[in-house]
There are 2 protein chains.
Amino acid sequence: MIVGAGFGGLAAAKRLAGKRFDVTIVDRRNHHVFQPLLYQVATAAVSPADIAGPIRAIFAGVPNVRVLLDEVSAVEPSNGWVRCASGRVIGYDHLILATGARHSYFGHDKWARHARGLKSIDDALAIRRQILLALEQAETEFNAELRRALLTFVVIGAGPTGVEMAGAIAELARRSVSRDFRSITPSCSRVILIEGGERVLPTFPASLSQKAKRSLEELGVEVRLGTKVADVCESYVDCSTELIRASTIIWAAGVRASNAAEWLGAPQDRGGRLFVNDDLRVPGHDNIFAIGDTASVSALGGQPLPAIAPVAKQQGRYAADVILGRARRPFAYRDYGNLATIGRSRAVAAFGELHIAGLIAWLIWCFAHVWFLIGFRSRLSVMISWLWNYATFDRSARLITGEEILRVPMPPRARPIERKCA
Amino acid sequence: MIVGAGFGGLAAAKRLAGKRFDVTIVDRRNHHVFQPLLYQVATAAVSPADIAGPIRAIFAGVPNVRVLLDEVSAVEPSNGWVRCASGRVIGYDHLILATGARHSYFGHDKWARHARGLKSIDDALAIRRQILLALEQAETEFNAELRRALLTFVVIGAGPTGVEMAGAIAELARRSVSRDFRSITPSCSRVILIEGGERVLPTFPASLSQKAKRSLEELGVEVRLGTKVADVCESYVDCSTELIRASTIIWAAGVRASNAAEWLGAPQDRGGRLFVNDDLRVPGHDNIFAIGDTASVSALGGQPLPAIAPVAKQQGRYAADVILGRARRPFAYRDYGNLATIGRSRAVAAFGELHIAGLIAWLIWCFAHVWFLIGFRSRLSVMISWLWNYATFDRSARLITGEEILRVPMPPRARPIERKCA
């Protein structure tokens, strides 16, 4: 049984396909999301169906893999079964926990309401809606202060997701849409990227962080390093030194593993990830594996492995190999390199000692992401969207959807600026 | 001022583009929807962004057309202004009402909760979600009766929308997805098309109605003609002679014009459409026009004009011509033909005395719809989706989205069948 159809769960299920096991893969969504491109849905560059596909379709021709739409609510290792939200109980011989991570607001759960994170298609559509509505309202807003707030976009956290979001919003708000609006010019919009640490993309070599920061600034993003967020409330971010008024605030600062550790009552690290043995088994549970963002695994130097797709995929395949009796040695992550994009023709890539920035890195990024997309149809569609966007600066998926479009409260009006927003 | 950016409103604005008028086009959505293909979003064949585009982008290069996201709530002809839901008041010299239609349940408003109509992108996504969730739940349902209900899809109304929906659901549920599911075979699903009249596609020649009915039946759709719906409630349709249990019920039976007639307090027909003079002006209001589904216009024979895109477009252009002082004679609809599709390689087309059915009609339908789609990007994307769907039977946009996916109550379980569901 595999819980979660992210990169790790899918990789495990694919490795077990056609083998002498009955595999059940449970996910609370019917689709696998290609998370690295989720920010492109949020910024209206591609459609949800371009980067997500039904899990069921992936295993259509595989008789020994069963796909189930349900949410696991508890694991009972002593009985060897899991309980689902629908009331269903499913027994297992081997269990792979690949339940991923969710946003973490460092104990400030109330921030979640004002600063949405980006983990699912629904998150991406909500952010897209928020950005596009802010632009629409700014177009006709006479109050200068409110207009400034509507055209200010704050991204908190400068890891790969934060950098990609900030760059993409800058391209959207400062470039793509400005010809459509009468009163919004490229210089009207502000995109602010806030990072607590001393550099953007902290998992990359320092020289590439430098280049990424410069690229962001060329796109018009204001990068604030070493800036801690003290409070987030509706339309305000309080950075201690400064109170930023913004109607769109996006959270890209922290994640926390899902509930898997609580299900098992097993030891976890600070981020909620399960400690695992060097064959990815959970200590004390010989037939339970944790992989991807659910597992706390360190590389040779003692550094924890990053929460990225290649790690999850390799772990998924490894866990399947252990079950198949094929794994000969402890799990070791093979690092093929690290990529992040900032905007058109701007990206950074680190392959061991080889560091690249600019157009070449961006082309490698494009190629790698299209290559790993699920399904030929998606690849083609995303490639066309990208070529189109590149040639025209257009963003094709600029739809504001959601029921009751105008009855949703728009960003607050005429709220007095105070030093403390709480 | 133009209220509504459907086919009629857009056509009027385009005709006025670059002329010596300041045009404001108001819509409560930021996008124009190509309604004839909305059923393809509902049945997961194309993505929303493929058939809808931002209104603002259409008029990006047109300085005299302003686009406004807002909802008109009242018209005050004596003052010459309209009031919007946001509180905004906008004055006009000429007003074109192109506010379209919404579903009408013939006085049974409570049916709306159980039988969704198809007018907006949100409607289409909700129907898509309902169909896909029903299939997911059916896959693992042991109760035979409930399983049957989950796999029964009822479409009420056999006009073009109803016929297209029924055909597309049959293709989706009976063909496309059956290889992805373990327990759903093509013969498990039932699609029932209910029509009160004596034939499907009543606006088409009788011979084509016959052929359309046969095509539907070849696809596995059960067509019930002369069948009146007595009641619709959650998971049931009561047709007097029969009680059909179905978890998915779609309403394609009736529409009613929007509130424009109430705004003016002007005479309206039974469907809520404004009576207009032969130059599309509302009687008593020399500077107010009603077009498209908002206007009640009869053809030469006294038959009301159908509620289709070509009528709305010609009326939009005509109203603009009147304002420009260019209209020499009363409005007359030029009928270029009538098209409806049933499924792959199945369509009917009537061009005056020329009636075509089958593959040729279907190719004409494909060509015409791609031709009229807004924007080169959409055309390309839809064409690729169609070629892909045609070649593989796949449906690429099969995503169940919406927050709290599993906490939404799934179709009711173990509800006793009673003769009357109320």
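The model shown is predicted, which means the values in this text are computed figures rather than measured ones. (Residues numbered from 1 in each chain as written. Chains lettered and ligands numbered in written order. Predicted model: local features only at pLDDT ≥ 70, side-chain atom pairs only at ≥ 80, totals over all residues. Heavy atoms only, no water.)

Glancing now at the overall build of chain A. Across its full length, chain A holds 12 helices and 25 strands. Against the 2.2 N^0.38 benchmark of 22 Å for 422 residues, chain A shows a C-alpha radius of gyration of 22 Å, consistent with a compact globule. Its C-alpha atoms give chain A principal-axis dimensions of roughly 65 × 45 × 40 Å. Buried positions account for 58% of the 422 residues belonging to chain A. (Helix = DSSP H or I, 4+ residues; strand = E, 2+ residues; numbered from the N terminus. Rg over C-alpha atoms; globule rule 2.2 N^0.38 Å. Buried < 20%, exposed > 50% of the residue type's maximum accessible area, 1.4 Å probe, protein only.)

With 51 residues of chain B in contact, the opposing surface of chain A contributes 51 residues. Both faces combined, the contact of chain B with chain A buries some 4,700 Å², and carbon together with sulfur accounts for 55% of it. On the surface where chain B and chain A come into contact, there are 4 salt bridges. Salt-bridge contacts for B:Glu139 lead to A:Arg56; the nearest nitrogen and oxygen are separated by 3.6 Å. For the side of chain B that touches chain A, the secondary-structure elements that each account for two or more residues are helix 3 (48-51), strand 4 (52-54), helix 4 (55-58), strand 5 (65-69), helix 5 (121-139) and helix 12 (376-392) of chain B. When the residues that make up the side of chain B that touches chain A are grouped by side-chain class, the tally is 25 nonpolar, 9 polar and 17 charged. (Contact = heavy atoms within 4.5 Å. Buried area = accessible area lost by both parts, 1.4 Å probe. Salt bridge = Lys/Arg side-chain N within 4 Å of Asp/Glu carboxyl O. Nonpolar A, V, L, I, M, F, W, Y, C, P; charged D, E, K, R; others polar.)

The next thing to look at is the confidence of the model for chain A. Residue and element names in this part refer to chain A. Taken residue by residue, chain A gives an average pLDDT of 88. The fraction at 70 or more is 93%. In the predicted structure, residues 404-422 sits below a pLDDT of 50 and forms 45 contacts with residues beyond four places in sequence or in another chain. Scoring of the predicted complex yields 0.88 for pTM and 0.84 for ipTM. (pLDDT = per-residue confidence, 0-100.)

Let us now look at a nonpolar patch on the surface. A surface patch of nonpolar side chains, amounting to about 270 Å² of accessible area, comprises A:Leu359, A:Leu363 and A:Tyr390. For A:Leu363, a relative accessible area of 45% puts it in the partly exposed group. (Patch = residues over 30% accessible without salt bridge, like charges linked within 9 Å, V, L, I, M, F, W, Y side chains within 5 Å. Areas by Shrake-Rupley, 256 points an atom, 1.4 Å probe, with all protein chains shown as cover.)

Residue and element names in this part refer to chain A. Looking at where Pro304 falls in the secondary structure, it is placed in the loop between strand 22 (295-296) and helix 10 (309-323). For Pro304, a relative accessible area of 51% translates into the label exposed. Beyond its immediate sequence surroundings of up to four residues, Pro304 is in contact with Val297 and Ser298.

All names here are of chain B. Sheet topology note: the strand 12 (residues 190-194)/strand 13 (residues 221-224) ladder contains 4 bridges and is parallel. Pairing of Ile192 across the sheet is with Glu222, part of strand 13. Between the parallel pair strand 12 and strand 13, the chain is carried across by helix 8 (residues 206-218), and the sense of this crossover is right-handed. (Pairing = 2+ DSSP bridges. Right-handed = clockwise from strand over helix to strand, strands pointing away.)

Considering all chains together, one arrives at 36 salt bridges over all chains under this definition. Between B:Asp321 and B:Arg15 there is a salt bridge; the shortest N-O distance is 2.9 Å. Taken as a pair, B:Asp321 in helix 10 (residues 309-323) and B:Arg15 in helix 1 (residues 7-16) lie far apart in primary sequence, 306 residues in all. By relative accessible area, B:Arg15 is classed as partly exposed at 27%. Residues joined by salt bridges that share partners form a network here, namely A:Arg190, A:Glu222, A:Arg224 and A:Glu242.

Expressed as a screw operation, the relation of chain B to chain A combines 0.0 Å of axial shift with a rotation of 180°, fitting to an RMSD of 0.0 Å. The relationship between the two copies is best expressed as a two-fold rotation axis. (Least-squares fit on C-alpha atoms with pLDDT ≥ 70 in both.)

Residue and element names in this part refer to chain B. Among the secondary structure elements, Arg66 is positioned in strand 5. Residues Arg66 and Met1, spaced 65 residues apart in sequence, show a C-alpha to C-alpha distance of 9.5 Å. Those residues in contact with Arg66, other than ones at most four positions away along the chain, are Val23, Thr24 and Ile25.

This part is about the nonpolar core. Core analysis: the largest hydrophobic core is formed by 71 residues, its most contacted members being A:Ile51, A:Leu135, A:Met165, A:Leu193, A:Val200 and A:Leu216. Once residues lying within four places of it in the same chain are set aside, the contact partners of A:Ile51 are A:His32, A:Val33, A:Phe34, A:Leu37, A:Leu38, A:Val41, A:Val46, A:Ile121, A:Leu373 and A:Val382. Residues B:Ile51, B:Ala170, B:Val348 and B:Ala350 belong to the second largest nonpolar core, which totals 70 residues. (Core = buried A, V, L, I, M, F, W, Y, C linked by side-chain atoms within 4.5 Å.)

Residue and element names in this part refer to chain A. Taken as a whole and judged by the stated rule, the model has 12 aromatic pairs over all chains. Ring centres of Phe367 and Trp371 lie 5.9 Å apart, and the angle between their planes is 25°; this geometry places the pair in the stacked category. Note that Phe367 and Trp371 are positioned in helix 11 (residues 359-372) at a spacing of 4 residues, about one turn of the helix. In this structure, Phe367 and Trp371 share a single accessibility class: exposed. (Phe/Tyr/Trp six-rings, centres within 6.5 Å; stacked < 30°, edge-to-face > 60°.)

On to unusual backbone geometry. Note: most residues except glycine have negative phi, and most peptide bonds are trans. Residues and elements named next belong to chain A. In this structure, Leu201 takes a positive phi of about 45° despite not being glycine. As for its placement among the helices and strands, Leu201 is situated in the loop between strand 12 (190-194) and helix 8 (206-218). Backbone geometry places Leu280, a non-glycine residue, at a positive phi of 70°. Structurally, Leu280 can be placed in the loop between strand 19 (274-275) and strand 20 (281-282).

Residues and elements named next belong to chain B. If you walk across this open sheet you meet the 3 strands as 6-7-8, and the pairing is antiparallel. Single-partner strands in this sheet number two, and they are strand 6 (72-76) and strand 8 (89-91). The average undirected angle you get between the axes of adjacent strands in this sheet is 20°. Judged from the 4 bridges that link them, strand 6 and strand 7 (residues 81-84) form a sheet pairing that is antiparallel. For Val75, the partnering residue across the bridge sits in strand 7 and is Val82. (Axes fitted to C-alpha atoms, helices over the stretch in contact; angles between N-to-C directions.)

Before going further, it helps to spend a moment on the packing of helix 1 (residues 7-16) of chain A against helix 10 of chain A. Residues and elements named next belong to chain A. Where helix 1 contacts helix 10, the two axes come as close as 7 Å, and the packing angle between them is 35°. When the axes of helix 1 and helix 10 are compared, the crossing they make is right-handed. Note on element contacts: helix 10 touches helix 1 through Ala309, Ala312, Lys313, Gly316, Arg317, Ala320 and Asp321, opposite Phe7, Gly8, Ala11, Ala12, Arg15 and Leu16. Among the residues making up the contact of helix 1 with helix 10, the classes are represented as 7 nonpolar, 2 polar and 4 charged. (Left-handed = near helix turned anticlockwise from the far one by under 90°.)

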